[in-house]
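# Coordinates in review
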Amino acid sequence: MTAAETTPLIYVLRNDLGLKGVRTGCVIGECGSCTVIADGHSLRSCQISLGDAAGMDLVTPEGLGTPDAPHPVQEAFLSEQAGQCGYCINGMIMAVAAAVDAGTIAGEEDARKALEELICRCGTHTRIVKAALRAAGVETEDAGAHGSVERLPGAEADAQAGLPEIVDRYPRMEQWLRLTQEGYVEVDSPKVELGQGISGALRQIAATQLGLPMDLVTLAPTTTGRSVDLGHTAGSNSVEHGGIPLAYAAVAFRRALLERGAALLDAPASQVELTAAGVVRPGTDAAVSLAQLATGEPLTGAITAADVPDWTAAGLGAPLPRADLVRKLTGAGVYLHDLELPGMLHARALLPPSYDAQVATEPDLQQIATAVGARRILRDGRIFLVVAEREDVAIRGVNRLRDAVRWSYDGPDEPVDVLSLLRTLDGDDHQTRLDDGIGEAFAAGRTHKATYSKPYEAHAPMSPSASIGMADGDRLRIWTHSQSPYPLRAELAVLFERDEDAVVVVHVEGPGAYGMNGADDAAALAALAAFAVPGEPVRFQHSMDDEFGWDPYGSAMVADLEASLDENGRIVGYRHRSWTDTHYARPDGNGDRLLVQWLGERGPGRPRFGGHEGGWRNTVPLYDVGARDIVTRHVRGPLRTGSLRSLGSYMHVFEIESFMDELAELAGQDPVAFRLAHLDDERGRHVLEVAAQTAGWEPHVGPSGRGQGVAFARYKDVKGYAAQVVDVRVDPESGTFTVTRVVVVCDAGTVINPDGLRNQLEGATIQSLSRCLGESLTVTTRGVKERNLSDYPLIGFSGIPRLEVVLVDRPGYPPLGTGESATPPLAAAVANAIDDALGVRLRNLPLTAASLERRLLELSEAEMARVRL
Ligand code: FES
Ligand code: FES
């Protein structure tokens with residue numbers, strides 16, 4: 001079937017011409033992922049039809065350069081390592097290439113202007129701006145992010161520490177690595193790539209422990225039945241749970257390589273070495289290559305307690321460029337969204353317009369299928385699926401269906417006061433701490449109370465989730481960008497009543513998800529479509545409207561904090577009450593977590609309520625706050641919720657770190673000094689002190705007018721330490737805030753790849769800034785109002801501050817997860833900086849000019865006395 005003249009150009013470029021470097025995103029002209037150069041100008045290919053594009057001179061990312069010969073603009077982006085998931089970057093490159101050709105980038109402001117209308121959800125903005133300046137030949141020294149590494153004395157490897165628990169579960173080296181016939185060591189990826197650069201870090205870990213160059217180590221995608229089952233890739237666990245056990249396996253594998261090489265060379269194992277040339281006997285010509293070592297039986301054996309990794313090995317701590325970015329940034333079709341299988345069909349869904357909508361009138365589905373040229377339209381409960389040979393035809397079918405299906409509702413569409421509602425709902429109380437002496441602590445001291453909140457938030461990925469399914473009899477194969485290949489397999493098996501062994505889930509990277517977005521739902525919908533057309537692969541993709549409308553949102557939360565101070569200004573009692581919906585709704589093998597169950601014929605209910613850990617994560621301050629009474633109530637709120645980056649920590653660190661500033665003022669102390677006075681943890685103290693020093697902190701009590709704020713946390717109490725100092729400029733007339741500078745200091749133990757870690761910290765900081773300065777969903781009885789990127793206020797290039805990242809490297813200390821460390825403290829640092837500038841304490845996220853205006857109206861007399869306006 002050929003394309004109609006009305007077909008949006010993006011589908012012709014991607015699907016008819018195979019030019020997948022033109023990424024598919026919002027398809028409403030908002031994100032810029034699909035940008036091409038048309039007659040010398042950048043153009044969004046989703047916004048023009050094939051007919052209107054006729055006669056234009058078009059350049060796509062593939063036309064700029066190739067992985068082997070990148071265009072100078074692509075080179076500039078690679079030099080700056082400007083990409084996390086990388087999904088948005090081709091659009092950025094095309095916009096910059098057009099601007100460079102037009103000669104419109106002469107400085108940083110011009111670069112930001114050229115990029116302002118494009119979106120990067122990962123928060124790679126500073127690197128993108130630097131890349132644009134580099135491409136334009138403009139000096140980049142003062143632009144974007146800056147960083148340094150503080151290397152502290154190393155720790156000895158501890159052979160007595162025993163094997164990690166995950167090695168106990170997967171105790172054999174062949175469960176982790178193998179030698180290929182071509183002489184490469186192939187690692188089965190234990191964790192999936194989410195744009196965090198884990199694929200490079202895992203290769204780096206394996207290569208350094210093997211003692212081989214990185215290019216001899218390859219990574220196979222996580223595939224159920226083949227890779228080790230480490231559950232979800234989430235919670236900043238990838239290096240800790242995947243990388244550390246892999247390191248033990250690599251040490252064991254090196255031992256096995258040496259033993260086999262020694263046997264083949266007829267030499268004692270102590271007299272041979274492993275090099276890129278294979279196993280060699282120094283001082284002689286004797287050598288056996290890696291390919292020769294691969295002949296015969298596969299290398300197998302147990303990982304032993306003596307196979308202790310060397311975390312000070314050469315190659316760790318080296319700023320290696322990410323190999324995966326080369327193809328991503330030169331237009332290759334590397335994402336799940338780009339995967340094209342022979343004979344692949346396309347499926348799109350019409351889902352109910354709200355949680356409560358029921359089908360009132362069903363049209364003649366066959367008639368609509370015939371009219372639009374679709375293969376078939378199927379209905380499963382409240383889900384309608386259009387399957388077609390062309391993606392644009394499937395979309396046309398859904399649009400036709402939308403006009404034809406009538407829905408009925410339980411009641412009118414009315415606003416919901418979420419924060420009041422959460423407090424009134426029944427729920428499960430989790431008492432995290434209840435110390436003796438709490439009553440006495442509050443009876444004696446001077447007390448202070450405050451209430452904080454955050455709204456519901458969306459994941460808002462760059463592109464709606466997608467998946468490919470193929471059914472063959474009872475067997476099902478799913479390609480997915482889910483963060484949970486094994487749990488998803490278990491969920492699909494139950495949902496579709498298949499043996500787990502009959503379901504294979506293959507991970508393929510997608511655009512950044514930042515938690516559980518619609519990827520798992522898309523996989524189940526692809527499976528539903530695949531069973532309808534057995535033997536043919538079907539690519540399903542959500543619409544952006546459904547990605548927003550059915551997202552497992554980050555929950556709204558409310559917290560009441562109360563503390564008691566003694567006469568010396570020391571905290572002696574601490575009470576904390578918070579209300580939240582679940583932060584965990586990932587598939588787990590019960591068949592009751594996904595849309596296919598919720599909306600389809602397989603089950604009537606909303607996805608099962610999830611676990612509670614995310615809701616009380618980081619509720620216990622790392623500070624010594626005396627006697628503690630900490631309770632989190634988990635309620636079932638009006639929206640479906642799940643994991644959004646850093647889960648409940650985002651809110652709890654916001655409230656604790658805001659409250660610490662309030663208490664410092666009450667105690668008549670400087671905010672940094674007050675924190676240090678209550679903090680025994682040496683590593684925590686160190687990052688706070690380095691952050692204050694780097695930012696030029698000036699001790700003060702109460703608002704200084706300077707506009708500087710600090711915050712600190714150890715993510716999940718056991719992961720990376722991060723402290724941030726924020727500078728804000730406030731326009732007192734308009735009430736708008738500009739964050740001008742953020743200093744980030746992080747201690748994550750041994751640094752594997754400093755540039756990769758810095759990239760993560762920069763992204764987490766900018767994304768968190770976007771959240772705290774504007775992201776919020778409007779809730780009504782029918783769901784949320786915001787249904788696309790155009791409705792949801794993500795940060796743009798004009799709002800990006802100068803970033804300074806300091807890494808505290810502790811060689812020999814186990815690497816700690818840190819993908820989310822910089823997310824939680826940022827909002828409190830901004831609120832503290834605003835208070836320092838204005839003397840106005842904002843306690844409800846997001847922090848906006850409107851919230852400042854509202855707050856000014858409700859200030860008490862005592863609060864008014866602090867205001868510096
Ligand atoms: S602007 Fe075209 S896909 Fe977003
Ligand atoms: S790198 Fe920009 S969206 Fe991921």
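See the structure shown above.
So, here's what we can say about the structure. (Residues numbered from 1 in each chain as written. Chains lettered and ligands numbered in written order. Predicted model: local features only at pLDDT ≥ 70, side-chain atom pairs only at ≥ 80, totals over all residues. Heavy atoms only, no water.)

## Examining the side chain of Asn-517
Inspection of the secondary structure assignment puts Asn-517 in the loop between β20 (503-507) and α18 (519-532). When its relative accessible area of 3% is taken as the criterion, Asn-517 is described as buried. A distance of 3.1 Å separates a polar side-chain atom of Asn-517 from the backbone nitrogen of Ala-519. Beyond its immediate stretch of four places on either side in the chain, Asn-517 contacts His-459, Pro-461, Ser-465, Glu-547, Asp-551 and Pro-552. (Helix = DSSP H or I, 4+ residues; strand = E, 2+ residues; numbered from the N terminus. Buried < 20%, exposed > 50% of the residue type's maximum accessible area, 1.4 Å probe, protein only. Polar contact = N/O pair within 3.5 Å; in protein donor to acceptor, adjacent residues only side chain to side chain. Contact = heavy atoms within 4.5 Å.)

## As for the pattern of salt bridges
According to the stated counting rule, one finds 59 salt bridges in the structure shown. Here the salt bridges do not stand alone but share partners, grouping Glu-662, Glu-665, Asp-835, Arg-841, Arg-843 and Arg-866 into one network. (Salt bridge = Lys/Arg side-chain N within 4 Å of Asp/Glu carboxyl O.)

## Examining the packing of helix α4 (residues 72-79) against helix α5 (residues 89-102)
The contact between α4 and α5 brings their axes to 9 Å, and the two run at 130°. For the element pair α4 / α5, the angle class is oblique. The crossing of α4 and α5 is right-handed. Taking contact as the criterion, the partners of Val-73, Gln-74 and Phe-77 in α4 are, on α5, Ile-89, Met-92, Ile-93, Val-96 and Ala-97. The residue inventory of the contact of α4 with α5, partitioned by class, reads 7 nonpolar, 1 polar and no charged. (Axes fitted to C-alpha atoms, helices over the stretch in contact; angles between N-to-C directions. Parallel < 35°, antiparallel > 145°, perpendicular 65-115°, else oblique. Left-handed = near helix turned anticlockwise from the far one by under 90°. Nonpolar A, V, L, I, M, F, W, Y, C, P; charged D, E, K, R; others polar.)

## Considering the environment of Arg-151
Structurally, the position occupied by Arg-151 is in strand β4 (residues 145-151). The spatial distance from the C-alpha of Arg-151 to the C-alpha of Gln-271 is 34 Å, given a sequence separation of 120 residues. Residue contacts for Arg-151: discarding those within four places in its chain leaves Leu-316, Asp-809 and Pro-811.

## Focus: the pairing of strand β13 (residues 376-380)
Two faces belong to every sheet, and in a regular strand the side chains alternate between them. Pairing of β13 with strand β14 (residues 383-388) involves 5 bridges; the strand directions are antiparallel. Residue pairing for β14: Arg-379 is matched across the bridge by Phe-384. If you look at the hairpin formed by β13 and β14, you'll find 2 residues sitting between the two strands, and Gly-381 has a positive phi there, around 65°. (Pairing = 2+ DSSP bridges.)

## Focus on the sheet that holds strand β24 (residues 627-635)
With mixed pairing, 5 strands are arranged side by side in an open sheet as β16-β24-β23-β22-β17. If you trace the sheet from one side to the other, it starts and ends with β16 (427-434) and β17 (446-454), each paired once. Averaged over neighbouring strand pairs, the angle between their axes works out to 10° when direction is ignored. Alignment of β17 against strand β22 (residues 557-565), held across 9 bridges, turns out to be antiparallel. Looking at β22, one finds that Thr-451 is bridged to Asp-560.

## Some points on empty space enclosed by the protein
Applying the stated rule across the entire model yields 10 cavities of 30 Å³ or more. The calculated volume of the largest cavity comes to roughly 100 Å³. Lining the largest cavity, in full, are Asn-618, Val-620, Pro-621, Leu-622, Tyr-623, Val-653, Ile-656, Glu-657, Phe-712, Ala-713, Arg-714 and Asp-717. Listing elements by their share of the lining of the largest cavity, those giving two or more residues are α22 (649-666) and β25 (708-714). Classifying every residue of the lining of the largest cavity gives 8 nonpolar, 1 polar and 3 charged. Here the second largest cavity is characterised by a volume of approximately 80 Å³. Every residue lining the second largest cavity is listed: Asp-661, Glu-665, Pro-671, His-700, Gly-702, Gln-708, Asn-832, Asp-835, Asp-836, Arg-841 and Arg-866. At the level of elements, α22 and α26 (823-838) are the ones that each hand at least two residues to the lining of the second largest cavity. A per-element tally of the lining of the second largest cavity places α26 first, with 3 residues. (1 Å grid on protein atoms, 1.4 Å probe; cavity = no way out; pocket = protein on both sides within 12 Å on 5 of 7 lines; lining within 4 Å. Points joined across faces, edges and corners; volume = space filled by probe spheres on them.)

## Observations concerning the packing of α22 against α26
The contact between α22 and α26 brings their axes to 7 Å, and the two run at 35°. Relative to α26, the crossing made by α22 is right-handed. Counting all contacts with α22, which are made through Ser-649, Tyr-650, Val-653, Phe-654, Glu-657, Ser-658 and Asp-661, the residues of α26 involved are Thr-823, Pro-824, Pro-825, Ala-827, Ala-828, Ala-831 and Asn-832.

## Points about the nonpolar core
Grouped together as the largest cluster of nonpolar side chains are 99 residues, with contacts concentrated most on Phe-77 and Ile-128. Once residues within four sequence positions are removed from consideration, Phe-77 is found in contact with Ala-82, Ile-89, Met-92, Ile-93, Val-96, Ile-128, Ala-131, Ala-132 and Leu-329. (Core = buried A, V, L, I, M, F, W, Y, C linked by side-chain atoms within 4.5 Å.)

## Points about the environment of Ser-420
If you trace the backbone, Ser-420 turns up in helix α15 (residues 418-424). Distance in space between the C-alpha atoms of Ser-420 and Ala-332 is 49 Å, their sequence separation being 88 residues.

## Here we look at the packing of aromatic side chains
Under the definition given, this model contains 10 aromatic pairs. Measuring from ring centre to ring centre gives 6.3 Å for Tyr-170 and Trp-176, while their planes differ by 90°; the resulting arrangement is edge-to-face. With respect to class, Tyr-170 is no different from Trp-176; both count as buried. Relative to Phe-712, the ring of Tyr-623 lies with its centre 6.3 Å away and its plane at 65°, an arrangement referred to as edge-to-face. Of the two residues, Tyr-623 is situated in the loop between α21 (613-616) and β24 and Phe-712 in strand β25; the sequence distance between them amounts to 89 residues. Taking the relative accessible area as the measure of exposure, Phe-712 reaches 2% and is therefore buried. Here the aromatic cluster, defined as three or more aromatic residues joined through ring pairs, consists of Tyr-355, Trp-550 and Trp-598. It is Arg-423 that lies over the ring of Trp-579; its NZ or CZ is 4.7 Å from the centre. Note that Arg-771 overlies the ring of Tyr-650, its terminal NZ or CZ placed 3.8 Å from the centroid. (Phe/Tyr/Trp six-rings, centres within 6.5 Å; stacked < 30°, edge-to-face > 60°. Lys NZ or Arg CZ within 6 Å of the ring centre and 35° of its normal.)

## Some points on helix α9 (residues 198-210)
When the terminal C-alpha atoms of α9 are compared, their 18 Å separation across 13 residues agrees well with the 18 Å that a helix rising 1.5 Å per residue should span. For α9, the buried fraction is high: 13 of the 13 residues fall into the buried class. Following α9 by one or two positions, Gly-211 adopts a phi angle in the positive range, close to 80°. (Expected span 1.5 Å × (residues − 1).)

## Concerning the side chain of Thr-823
In this fold, Thr-823 is placed in helix α26. Among all residues touching Thr-823, those that are not within four sequence positions of it are Arg-645, Ser-646, Tyr-650, Ala-764, Ser-768 and Arg-771.

## Things to note about helix α1 (residues 9-16)
For an α-helix the count is 3.6 residues per turn, leaving residues at separations of three or four pointing the same way. α1 sits mainly inside the fold: 6 of its 8 residues count as buried. On its buried face, α1 is in contact with β1 (35-38), α2 (50-53), β3 (58-59), β11 (345-350), α14 (391-404) and β21 (538-541).

Note that all results are geometric; they support no functional claim without further evidence.
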